[in-house]
Amino acid sequence: MSLARRKKRKADVKQRASKPNSMYSYCRAAGCPNPARAGTSDGLGRLYCRKHHDHYQRHGSPFKPSYKASELNPFRKVALKWLEENGEDAWVRSAVAAVEQLYQSAGPHVEAFRLRGLKPRQRAQAHWARLRTAKVDPVKVVSAWLAVEMALASDAQSDWRPEYKRVQAAKVVHRMASGSHRKWTQSRLDGTGTWTQELHVYPHSRGRVLRHIGEDLEKACALLTERCLDSCLSAPPRGR
Ligand SMILES: [Zn+2]
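These figures come from a predicted structure and were not determined experimentally.

A. Region of the structure containing the overall build of the protein. Secondary structure summary: the protein contains eight helices and two strands in total. Seen in sequence order, the protein has helices and strands lined up from the N terminus as α-α-α-α-α-α-α-β-β-α. The principal-axis extent of the C-alpha atoms belonging to the protein is close to 65 × 60 × 35 Å. Across the protein, every contact between residues at least 6 apart in sequence was considered, and the portion connecting residues at least 24 apart equals 62%.

B. Inspection of the state of the cysteines at higher detail. Under the counting rule described, the total for this entry stands at zero disulfides. The structure places no disulfide on C221, whose sulfur is separated from the nearest cysteine sulfur, that of C228, by 11 Å.

C. View of the domain arrangement of the protein. Each assigned domain of the protein is listed with its residue range as follows: domain 1 (3-59) and domain 2 (69-186 + 198-233). A straight line from the C-alpha centre of domain 1 to that of domain 2 covers 30 Å. Taken together, the contact between domain 1 and domain 2 spans six residues of the former and 10 residues of the latter. The contact between domain 1 and domain 2 buries some 660 Å² in all, and 30% of this surface belongs to carbon and sulfur atoms. Summed over the three residues of domain 1 that lose the most area to domain 2, namely Q57, R58 and H59, the buried surface amounts to 76% of that side. Put simply, domain 1 and domain 2 have one salt bridge between them. The partner of D54 in a salt bridge is R206, and the shortest N-O contact between them spans 3.8 Å. In this structure, the connection of domain 1 to domain 2 is made through six residue pairs in polar contact (both at pLDDT 80 or more).

D. Looking closely at the pairing of strand β1 (residues 180-187). Sheet topology note: the β1/strand β2 (residues 194-201) ladder contains eight bridges and is antiparallel. What sits directly across from S180, in β2, is V201. A loop of six residues connects β1 with β2, the two strands running antiparallel in sequence, and G191 in this loop sits at a positive phi of about 75 degrees.

E. Layout of the packing of helix α4 (residues 90-104) against helix α6 (residues 138-153). At a closest axis distance of 9 Å, the pairing of α4 and α6 adopts a crossing angle of 110 degrees. When the axes of α4 and α6 are compared, the pair comes out roughly perpendicular. In the crossing of α4 with α6, the sense of the turn from one axis to the other is right-handed. Seen from α4, the contacting residues are A95, V96, V99, E100 and Y103; seen from α6, they are P138, V139, V141 and V142.

F. Examining the layout of surface pockets more closely. Looking at the largest pocket, its volume works out to about 290 Å³. Around the largest pocket, the lining comprises 16 residues; the ones closest to its centre are L115, R116, R123, P203 and H204. Counting residues per element, the lining of the largest pocket draws most heavily on helix α5 (residues 120-133), at three residues. The residue inventory of the lining of the largest pocket, partitioned by class, reads nine nonpolar, four polar and three charged. Here the second largest pocket is characterised by a volume of approximately 180 Å³. Forming the walls of the second largest pocket are R37, H53 and R208.

G. Spotlight on the coordination of the zinc ion. Within the protein, the atoms that donate to the zinc ion are C27 (SG), C32 (SG), C49 (SG) and H52 (ND1), at distances of 2.0 to 2.3 Å. Geometry at the zinc ion is tetrahedral, judged from the four donor atoms that bind it and their angles of 104 to 115 degrees at the metal. Positions of the donor residues of the zinc ion along the chain correspond to the pattern C-x4-C-x16-C-x2-H. In this pair, C27 is assigned in the loop between α1 (3-18) and α2 (50-59) and H52 in helix α2, connecting sequence segments 25 residues apart. Judged by relative accessible area, C27 falls into the buried class, the value being 6%. With a relative accessible area of 11%, H52 lands in the buried category.

Conventions used here
- Residues numbered from 1 in each chain as written.
- Predicted model: local features only at pLDDT ≥ 70, side-chain atom pairs only at ≥ 80, totals over all residues.
- Heavy atoms only, no water.
- Helix = DSSP H or I, 4+ residues; strand = E, 2+ residues; numbered from the N terminus.
- Contact = heavy atoms within 4.5 Å.
- Disulfide = S-S within 2.5 Å.
- Domains from an automatic or database assignment.
- Buried area = accessible area lost by both parts, 1.4 Å probe.
- Salt bridge = Lys/Arg side-chain N within 4 Å of Asp/Glu carboxyl O.
- Polar contact = N/O pair within 3.5 Å; in protein donor to acceptor, adjacent residues only side chain to side chain.
- Pairing = 2+ DSSP bridges.
- Axes fitted to C-alpha atoms, helices over the stretch in contact; angles between N-to-C directions.
- Parallel < 35°, antiparallel > 145°, perpendicular 65-115°, else oblique.
- Left-handed = near helix turned anticlockwise from the far one by under 90°.
- 1 Å grid on protein atoms, 1.4 Å probe; cavity = no way out; pocket = protein on both sides within 12 Å on 5 of 7 lines; lining within 4 Å.
- Points joined across faces, edges and corners; volume = space filled by probe spheres on them.
- Nonpolar A, V, L, I, M, F, W, Y, C, P; charged D, E, K, R; others polar.
- Donors = N, O, S within 2.8 Å, 3.2 Å for Na, K, Ca; no water.
- Tetrahedral: all angles 85-135°; square planar, octahedral: opposite > 155°, others 65-115°.
- Buried < 20%, exposed > 50% of the residue type's maximum accessible area, 1.4 Å probe, protein only.

Laid out in structure tokens, this is it:
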């Protein structure tokens, strides 16, 4: 797109977003009395109000909160143990190899300070590269997917939309790579010695990047889940 067209498009979108459109009056979240964002001067979202839209961005569902670590950890333990015991299984090996492939094809490592301006797809790749650099065991990554599948299968109020599952797994995997950290020493201007400055940046765990990470992981684990989830679910409970 030419610069002029892009500018015009940006201006058009801005104008539309600031004009309430009465066709999209209500937020779709059950029982929410707020207008959808397109029905207000706050954006173009036609489905949800600001609050439910934000929730959806962060958790992959407009209403269901994310699983807490305390809810997922027991499943992660069972899944990891099951994966270790079945390490020679062809489906396990192919899922682990697929995650390794994600690491290897992710391109160069990108520091967390340099993620701004990258597209969500590129940020997802940077995430896989970060896991590679941090030497996170691919088996752990596979166990995160299985744990979310297990949590959903055991939840009486599951949100079965694929997006929720992807975002939940992506959030776990996102936490496995830490941020970027820098520390440097500068001399004081008045010559009275030095002081240390630190910078810690953690990539945001929200938005479309989580959808991409979740989709990648879903693909890597699809066959394993199909063939082995039942066996994994019937594995002896945690702590044994
Ligand atoms: Zn709402």
